[in-house]
Amino acid sequence: MEKKARIGIALSGGGVRGISHLGVLNAMDEVGLKPSAISGSSAGAIVGVMYAKGYAPEEILEIIIQTNYFKFMRPSVSWKGILKMDQFVPLYEKYLEVDSFSALSIPMTMAATDLHLGQTVYFSSGEIIKPLMASSCIPGMFEPISIDGRFYIDGGVLNNMPVEPLLDSCELIFGVNCNHLPVEQNIRHFKSLIERTVIMSMNYNVYSRRGMCDHFIEPSGLARFGVLEIKKAREIYDIGYHFMKSYLELHPNLNAVVPNTFS
């Protein structure tokens, strides 16, 4: 007999590596494993919002590939950051259409970091575009996002896989991390050292939440891709897809789980 459950999925940040989430979601879609609630930080918030809006994973991938995100960036000279995010607004308005969480087909929560409070703040109602930009506002690269007089930066700084918003409402929780580090015998240059150190820090706060998940999904070796390596989008997507396909084959009981969209 089919088991009904409220399924929650928490998606980590990780720049372009977040495209692997689309592959994971596509593999889940193919067996009817549809989330009843989504949470995400940074790239995970972007993927989550687009999926919650109703776009199919392959459709979102094509949007990402066809859209040159860099043309929406405008240089900024200030202490706050290098680039402004305000020119992302027309892009989000084009695909989200209605600037409200209420317009989403699946409930969505995104994490951002409040610079004033020094803590994670969750957004799940009201306007959606500003919180989305806040959640993906990489510190040092973009100016912090101002919402109601407070400044916010990337949610991944303190909570890169926000499982907590799902705990009270979901019986079955998937945590998905797109920053698996391969073993590295030789750190050859300073750039590699910095990138690896940042990912280690991100993964530390992800792994602290691993025990909150019923299923922890971490496609192998994604951290070898640079945070902005958009040319590898299809390869990154395929890694997520094939990893999740294999995971589902190892857990055939998940095929009998039917999402319950009712509270």
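In this report, we go over the structure that sits alongside the text. Please read all numbers here as calculations on a predicted model, not as lab measurements.

With 9 of 11 residues buried, helix H1 (residues 20-30) is to be regarded as a mostly interior element. Looking at the buried side of H1, the elements it contacts are strand E2 (7-11), helix H2 (43-53), helix H3 (57-66), strand E10 (172-176), strand E11 (215-217) and helix H7 (233-250). Immediately beyond the C-terminal end of H1, within one or two residues, lies Gly32, with a positive phi of roughly 75°.

Attention now goes to the packing of H1 against H7. Interhelical geometry of H1 versus H7 gives an angle of 40° and a closest axis separation of 6 Å. For the element pair H1 and H7, the recorded crossing hand is right-handed. Contacts between H1 and H7 involve Ser20, Leu22, Gly23, Val24, Asn26, Ala27, Met28 and Glu30 from the former and Ile236, Tyr237, Gly240, Tyr241, Met244, Lys245 and Leu248 from the latter. Tallied by class, the residues present in the contact of H1 with H7 amount to 9 nonpolar, 4 polar and 2 charged.

The grouping of Glu93, Asp99, Glu127 and Asp148 at the surface amounts to a negative patch. Relative to the helices and strands, Glu127 resides in the loop between strand E7 (119-123) and helix H5 (129-135).

Summed over all chains, the structure comprises 5 aromatic pairs. Relative to Phe142, the ring of Phe88 lies with its centre 6.1 Å away and its plane at 85°, an arrangement referred to as edge-to-face. Taken together, the residues span a long stretch of sequence, with Phe88 in the loop between strand E5 (81-84) and helix H4 (89-96) and Phe142 in the loop between H5 and strand E8 (145-147) at a distance of 54 residues. Centroid distance Tyr207 to Phe216: 6.1 Å. Interplanar angle 70°. Geometry classified as edge-to-face.

What follows is about H2. Of all 11 residues making up H2, 10 are buried, and the element is well covered by its neighbours. Among the residues of H2, Ala43, Gly44, Ala45, Val47, Gly48, Val49, Met50, Tyr51, Ala52 and Lys53 are the ones counted as buried. Gly54 sits one or two positions beyond H2 and adopts a positive phi of about 120°.

Under the criterion given, the structure shown has 8 salt bridges. In this structure, Arg234 and Glu58 form a salt bridge, with 3.4 Å as the shortest nitrogen-oxygen distance. Placement of the pair is Arg234 in helix H7 and Glu58 in helix H3, with a sequence separation of 176 residues. Given the relative accessible area of 33%, Glu58 is considered partly exposed. The partner of Glu62 in a salt bridge is Arg234, with the nearest N and O atoms 3.5 Å apart. One end of the pair, Glu62, is in helix H3; the other, Arg234, is in helix H7, and 172 residues separate them in sequence. Judged by its relative accessible area of 33%, Arg234 falls in the partly exposed class. Salt bridges sharing common partners tie together Glu58, Glu62 and Arg234.

Parameters and conventions
Residues numbered from 1 in each chain as written. Predicted model: local features only at pLDDT ≥ 70, side-chain atom pairs only at ≥ 80, totals over all residues. Heavy atoms only, no water. Buried < 20%, exposed > 50% of the residue type's maximum accessible area, 1.4 Å probe, protein only. Helix = DSSP H or I, 4+ residues; strand = E, 2+ residues; numbered from the N terminus. Contact = heavy atoms within 4.5 Å. Axes fitted to C-alpha atoms, helices over the stretch in contact; angles between N-to-C directions. Left-handed = near helix turned anticlockwise from the far one by under 90°. Nonpolar A, V, L, I, M, F, W, Y, C, P; charged D, E, K, R; others polar. Patch = residues over 30% accessible without salt bridge, like charges linked within 9 Å, V, L, I, M, F, W, Y side chains within 5 Å. Areas by Shrake-Rupley, 256 points an atom, 1.4 Å probe, with all protein chains shown as cover. Salt bridge = Lys/Arg side-chain N within 4 Å of Asp/Glu carboxyl O. Lys, Arg positive; Asp, Glu negative; His and termini not counted. Charge placed at Lys NZ, Arg CZ, Asp CG, Glu CD. Phe/Tyr/Trp six-rings, centres within 6.5 Å; stacked < 30°, edge-to-face > 60°.

Note that every value here comes from positions in space, so none of it alone points to a role or purpose.
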